[in-house]
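Chain residues, written in single-letter form:
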Amino acid sequence: MLDRLTGYKQIAVATEDHHKTTFTCPYSMFAFRRIPYGLCNAPATFQQCIMAILTNMVEKIVEIFMDDFSIFGDSYDIFLSNLAKVLKKCEETNIALN
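Analysis parameters
Residues numbered from 1 in each chain as written. Predicted model: local features only at pLDDT ≥ 70, side-chain atom pairs only at ≥ 80, totals over all residues. Heavy atoms only, no water. Helix = DSSP H or I, 4+ residues; strand = E, 2+ residues; numbered from the N terminus. Buried < 20%, exposed > 50% of the residue type's maximum accessible area, 1.4 Å probe, protein only. Contact = heavy atoms within 4.5 Å. Areas by Shrake-Rupley, 256 points an atom, 1.4 Å probe, with all protein chains shown as cover. Pairing = 2+ DSSP bridges. Core = buried A, V, L, I, M, F, W, Y, C linked by side-chain atoms within 4.5 Å.

## Some words on the overall build of the protein chain
Within the protein chain one finds two helices and five strands. Taken from the N to the C terminus, the helices and strands of the protein chain come in the order β-β-β-α-β-β-α. Out of the 98 residues belonging to the protein chain, those deemed buried represent 26%. At a minimum sequence separation of 6, the contacts of the protein chain that also span at least 24 residues come to 47%. Of the roughly 6,800 Å² of accessible surface on the protein chain, a fraction of 57% belongs to carbon and sulfur atoms.

Structure below.
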């Protein structure tokens, strides 16, 4: 199983939506530039992003649940081949993995 490193934080918040993530502290106001954990739409947005990236592989060689990828194959050699495909796609799209 592969695990996405820092999960949602790899997905940028659109510039025009930064104000929606604004929070205050005693000395200043801040807005997130990346999707923080706890934002109500973060899990759905994250899942849609990953599904779009690996769309042609889902249910064929990989299953995705939140930030975890389960890769499978009928034999060890097929599994290794499938793993290489998923890792290549992750590398092409700059997905960091744990």
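Having put the structure on the table, let's press on.
## Let's talk about the pairing of strand β4 (residues 62-65)
Where burial is concerned, the two faces of β4 differ: the one with Val62 and Ile64 is buried and the one with Glu63 and Phe65 is not. Sheet analysis places β4 next to strand β5 (residues 68-71), joined by four bridges and oriented antiparallel. What sits directly across from Glu63, in β5, is Ser70.

## A closer look at the nonpolar core
If you look at the biggest cluster of nonpolar residues, it comprises 18 residues, and the most contacted ones within it are Ile50, Leu54, Met57, Val62, Ile64, Phe69 and Val86. If you list the elements that add at least two residues to this core, you get α1 (42-53), β4, β5 and α2 (76-92). The biggest single contributor to this core is α1, with four residues. Apart from residues lying up to four places away in sequence, Met57 is in contact with Val62, Lys85, Val86 and Lys89.

In short, shape yes, function no, at least from these values alone.
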